[in-house]
Amino acid sequence: MTGRPLSADLSVTLGSLALPNPVMVASGTFGALMDRVLDVHRLGAVVEKTITMDPRKGNPHPRVWETPSGMLNSIGLDGPGLEGWIKKRWPAVQEYRCKVILSVSGRTVEEFGELVRRLDQLPRVDAFELNISCPNVSHGMDLATDPAMTEKVVRVSKAATRRPVFAKLTPNVTDIVAVARAAVEGGADGISAVNTLRGMAVDWRKRAPAIGAVTGGLSGPALKPVALRMVWEICSALPKVPVIGIGGISTADDVLEFMVAGASAVQIGTASFVNAQAATQIIDALPGKLEAAGVSRIRDLIGTITAKAQKPSS
Amino acid sequence: MAGIYNGDATVVRQDRYSTNCWKMTLAVPRHDAVEAGQFCHILTEFSTDPLLRRPFSYWDVRDGDDGTLHVDLLYTVVGRGTEAMARKAPGARMGYLGPLGLGFTPKPAKTWVFVAGGVGIVPFYFFAKQARARGRNPRMLLLFGGRTEAMLYGIDDFAGVGVEAQAVTEDGSRGRKGLVTQLIEEQLPALDRKDLQVYTCGPERMMEAVVRIARREGLPCEVSMEKHMGCALGACGACVTRVLSDDGADWRYSRICIEGPTYDACRLVLE
Ligand SMILES: Cc1cc2nc3c(=O)[nH]c(=O)nc-3n(C[C@H](O)[C@H](O)[C@H](O)COP(=O)(O)OP(=O)(O)OC[C@H]3O[C@@H](n4cnc5c(N)ncnc54)[C@H](O)[C@@H]3O)c2cc1C
Ligand SMILES: Cc1cc2nc3c(=O)[nH]c(=O)nc-3n(C[C@H](O)[C@H](O)[C@H](O)COP(=O)(O)O)c2cc1C
Ligand code: FES
């Protein structure tokens, strides 16, 4: 950047969680060597790759496929499991000077609680995100397609920690507000919206699906309008609940669109594959955008959209 | 500049190498020294479609006379990303992330045999050049297979870095007609197997055949894998191949962008 330092106030709060800026990196799109390229300490928060109880191998190759302005992935929550994560990943994560949000996924309601309880013992975890919406492991039936299950998972997880708990929802539902409401009933401190949208790619010459697991989750700019609509619906229906907007965000303008639609913060996923420094470059671009619009505090934009969803789509 | 560089690269030159193959020189700020076998991740267009980066091996890396690093890529046009690259003229910019991954291990063996198919040839030119520059003097033998002569990319450059090249083509347009695996079988009896190191890169089925031969003959072999990638920094889990688990009892998926793309063939679990 050049010129005089820009002074817009980027700080936001998600309930009791205060962030210096609203930009986080999304679960499953950050880790390993990315912190060699990206200045993690400047982020609003890091959301770790979803942690499962046991190690998981994940799905066969090919696990990603580019689609128009997006990509499909069928990684399948591969990972070292709880113990492996604490041993291999935690030493690096605990050095991050930004907020740290741990994402967990259990095979059962109880396992969510157990994961949160065990990870809650780590000294500097700032919040949890419940991944109840991974389309790659649940054979099409995500917990977060069922409001009653969603409520249970959140309740059990909340009972296991005093730190904020966010429920990450799937867009693969007709009525996302019903699920968001259930999560809040269960005690969620906020909603992360959204995970990937189930999709498919076909290699017609081979008469075969393009990715190993046949279907996968769509992310990237192609997902953005759907994510934006869902964030707007949730925020209209539940104006007091902090929402983290996720889906196709790749520029500072995208961030501001989600915030005007009601999001208090955002996560960057696929854009980090396109440019590993996308998140910090977006943070750098925000003050200029705000100044040009005469906005001095980014939080003043949250939910300022002139249109409100009347009632959830059905 | 040390470290992994993430930023713009400027196209300095672009030449057609053969029918479907191009050589592109990029200028980038000086970064970590490149080990042959490493790769860079190229953003062919600043657009949302195509969206993701594409991985490419280094054909050559030199200091440019303008204080930058000059990186040569040799690539074939197979889809939209490589089509976009082929359209770039000098002065054009692309996104560059590199160097990435682990390079080949220069082994003490007296003879190095490079077994390559198609664009799998790319890492071997720099490997030979770098080894010679570092004073390593094994005999280097390249066994190179392609569909036709036009697909024996860069074969005539290898003499300049002290590599004896032998070719096979599927149509017999250059060298013997046949497959590169037949060429290995033919050459083996004349080589000192106790002091031999094999390196291979090319289409998956070719590499699997090479690994099988190496295992049968008890030859040490290093393989450079090719998989679809997302981040190329080990974060996303896209680029996996099966390797023996650390206790050897089971297999696990290994992310080739950080644990590879080069692997000791002993560790690979063929699918
Ligand atoms: C470590 C590494 C080094 C590589 N080095 C070179 C090189 O030096 N020169 C070169 O020409 N190519 C190289 N490749 C392959 C190159 O990355 C792909 O050809 C390129 O990404 C294709 O992009 P595209 O948009 O033109 O094709 P797309 O439209 O994306 O795909 C066209 C076809 O290529 C296949 N493909 C796409 N990406 C990959 C990939 N990453 N691995 C295997 N198959 C793929 C697709 O399945 C499809 O059949 C390398 C790949 C890896 C993983
Ligand atoms: C390769 C890949 C892996 C992902 N892994 C996870 C995961 O482990 N847990 C999770 O909650 N979301 C995961 N996601 C979803 C992202 O966090 C995010 O919700 C989604 O990609 C939409 O955002 P984007 O368009 O910015 O990528 C993954 C996405 C991708 C592309
Ligand atoms: S490409 Fe993302 S882990 Fe290798």
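All values reported here derive from a predicted model rather than from experimental measurement. (Residues numbered from 1 in each chain as written. Chains lettered and ligands numbered in written order. Predicted model: local features only at pLDDT ≥ 70, side-chain atom pairs only at ≥ 80, totals over all residues.)

Asker: Go over the overall build of chain A, please, and point to the residues and values.
Answerer: Along chain A, the regular secondary structure elements total 10 helices and 16 strands. Against the 2.2 N^0.38 benchmark of 20 Å for 314 residues, chain A shows a C-alpha radius of gyration of 18 Å, consistent with a compact globule. Across its three principal axes, chain A shows a C-alpha extent of roughly 50 × 50 × 45 Å. When burial is assessed residue by residue, chain A has 56% of its 314 residues classed as buried. Within chain A, contacts between residues separated by at least 24 positions form 72% of all contacts whose residues are at least 6 apart in sequence. (Helix = DSSP H or I, 4+ residues; strand = E, 2+ residues; numbered from the N terminus. Rg over C-alpha atoms; globule rule 2.2 N^0.38 Å. Buried ≥ 20, exposed ≤ 12 C-beta atoms within 10 Å, placed from the backbone. Contact = placed C-beta atoms within 7 Å.)

Asker: Residues and numbers for the overall build of chain B, please.
Answerer: Each helix and strand in chain B was counted, giving five helices and 16 strands. Relative to the 2.2 N^0.38 estimate, which gives 18 Å for 271 residues, the radius of gyration of chain B is 18 Å and therefore close to what a compact globule would have. The dimensions of chain B, computed from C-alpha atoms along their principal axes, are 50 × 45 × 35 Å. Per-residue burial for chain B yields a buried fraction of 49% across its 271 residues. Counted over contacts in chain B with a minimum sequence separation of 6, partners at least 24 positions apart contribute 66%.

Asker: Give me the lowdown on the sheet that holds strand 11 (residues 197-200) of chain A, citing residues and values where you can.
Answerer: All names here are of chain A. Here four strands make up an open sheet; going across it, the order is 5-6-14-11 and the pairing antiparallel. What marks the edges here is a single partner per strand, and that holds for strand 5 (64-67) and strand 11. Each adjacent strand pair in this sheet contributes to an overall mean axis angle of 40°, direction not counted. (Pairing = 2+ DSSP bridges. Axes fitted to C-alpha atoms, helices over the stretch in contact; angles between N-to-C directions.)

Asker: I'd like a rundown of the sheet that holds strand 8 (residues 111-117) of chain B, residues and numbers included.
Answerer: Residue and element names in this part refer to chain B. Strand order in this open sheet of seven strands is 11-10-9-8-12-13-16, and the pairing throughout is mixed. The strands lining the two open edges of the sheet, one partner per strand, are strand 11 (176-177) and strand 16 (262-264). Pairing of strand 9 (residues 139-146) with strand 10 (residues 163-169), which is carried by seven bridges, proceeds in the parallel orientation. Bridged to Gly145 within strand 10 is Val168. Against the sheet, helix 3 (residues 180-187) contacts strand 8, strand 9, strand 10 and strand 11, and its axis sits at roughly 145° relative to strand 9.

Asker: Explain the site of ligand 2 to me, using residue names and the numbers behind them.
Answerer: Close to ligand 2 lie 28 residues; A:Ala26, A:Gly28, A:Ser219, A:Gly269 and A:Thr270 are nearest. Residue composition of the shell around ligand 2, by class: 10 nonpolar, 16 polar and two charged. (Near = placed C-beta within 6 Å. Nonpolar A, V, L, I, M, F, W, Y, C, P; charged D, E, K, R; others polar.)

Asker: Describe in detail the site of ligand 1, supporting the description with residues and values.
Answerer: Around ligand 1, the surrounding shell holds 22 residues, and the nearest of these are B:Arg54, B:Tyr75, B:Gly79, B:Gly81 and B:Thr82. Site remark: ligand 1 is flanked by residues from chains A and B. Of all the secondary structure elements, the ones that give two or more residues to the shell around ligand 1 are strand 4 (54-57), strand 6 (69-76) and helix 1 (80-86) of chain B. Considering each element in turn, the shell around ligand 1 owes the most residues, four residues, to strand 4 of chain B. For the shell around ligand 1, the class distribution of residues is 11 nonpolar, six polar and five charged.

Asker: Just give me the short version of the pairing of strand 12 (residues 196-201) of chain B, but keep the residues and values in it.
Answerer: All names here are of chain B. Burial runs high along strand 12: six of the six residues are buried. Strand direction decides the pairing type here: strand 8 and strand 12, joined by six bridges, are parallel. Counterpart to Val115 in the pairing with strand 12 is Thr200. In terms of strand pairing, strand 12 meets strand 13 (residues 221-224) through four bridges, oriented parallel. The residue bridging Cys201 from the neighbouring strand is Ser224, located in strand 13.

Asker: Hey, could you go over the domain arrangement of chain B for me, with residue numbers and the actual values?
Answerer: All names here are of chain B. Taken domain by domain, chain B consists of domain 1 (5-100) and domain 2 (111-224). Look at where the C-alpha atoms of domain 1 and domain 2 centre, and you get two points 24 Å apart. With 14 residues of domain 1 in contact, the opposing surface of domain 2 contributes 12 residues. Only strand 1 (5-18), strand 5 (60-63) and strand 6 provide two or more residues apiece to the side of domain 1 that touches domain 2. The element best represented in the side of domain 1 that touches domain 2 is strand 6, accounting for three residues. (Domains from an automatic or database assignment.)

Asker: Any chance you could break down the environment of A:Ala167 for me, citing the residues and the numbers?
Answerer: All names here are of chain A. Structurally, the position occupied by Ala167 is in strand 9 (residues 165-169). Each C-alpha atom of the pair Ala167 and Ala183 lies 6.6 Å from the other, and the pair is 16 residues apart in sequence. Those residues in contact with Ala167 that lie beyond four places of it in its chain are Leu130, Ile132, Thr150, Val154, Ala183, Ala188, Ile191 and Ser192.

Asker: Hey, could you go over the pairing of strand 4 of chain B for me, with residue numbers and the actual values?
Answerer: All names here are of chain B. What you see with strand 4 is no split at all: Arg54 and Phe56 on one side and Pro55 and Ser57 on the other are buried throughout. In the sheet, strand 3 (residues 39-43) pairs with strand 4 via four bridges, with the strands oriented antiparallel. The residue bridging Ile42 from the neighbouring strand is Arg54, located in strand 4.

Asker: Can you lay out the interface of chain A and chain B for me, pointing to particular residues and giving the numbers?
Answerer: Interface extent is often summarised as the accessible area lost during association of the parts. Opposite the 30 residues of chain A that make contact, chain B presents 26 residues. Secondary-structure elements contributing two or more residues to the side of chain A that touches chain B are helix 1 (34-37), strand 5, strand 6 (70-73) and helix 9 (271-274) of chain A. Across the side of chain A that touches chain B, the residue classes tally to 14 nonpolar, 11 polar and five charged.

Asker: Before we move on, could you go through the nonpolar core and cite the residues and values that matter?
Answerer: In this structure, A:Ile191, A:Ala193, A:Val231 and A:Ile234 are the most contacted members of the largest nonpolar core, which totals 187 residues. Looking at this core element by element, the count peaks at eight residues for helix 7 (residues 224-237) of chain A. Both domain 1 (5-100) and domain 2 (111-224) of chain B contribute no fewer than three residues apiece to this core. (Core = buried A, V, L, I, M, F, W, Y, C linked by C-beta atoms within 7 Å.)

Asker: Please provide a residue-by-residue account of helix 10 (residues 278-292) of chain A, values included.
Answerer: Residue and element names in this part refer to chain A. Helix length check: helix 10 (15 residues) gives 21 Å between terminal C-alpha atoms against 21 Å at 1.5 Å per residue, within 8%. At Ala285, helix 10 shows its maximal kink, close to 25°; a proline, Pro287, follows between one and four residues later. Of all the positions in helix 10, only Ala278, Ala279, Thr280, Ile282, Ile283, Leu286, Pro287 and Leu290 are classed as buried. Looking at the buried positions of helix 10, the neighbouring elements they touch are strand 3 (23-25), helix 8 (252-260), strand 16 (265-268) and helix 9. A positive backbone phi angle near 70° is found at Gly294, which sits one or two residues after helix 10. (Expected span 1.5 Å × (residues − 1). Bend = angle between axes of the 7 residues up to and from the residue.)

Asker: Lay out unusual backbone geometry with the relevant residues and their values.
Answerer: Each neighbour pair has its own omega, and for A:Ala193 with A:Val194 the value is 15°, a cis peptide bond. By secondary structure assignment, the location of A:Val194 is in the loop between strand 10 (190-193) and strand 11. Note the cis peptide between B:Asp49 and B:Pro50, where omega equals 0°. Despite not being glycine, A:Leu77 shows a phi value in the positive range, around 45°. Positionally, A:Leu77 belongs in the loop between strand 6 and helix 2 (81-88). For A:Leu77, a count of 21 C-beta atoms within 10 Å translates into the label buried.

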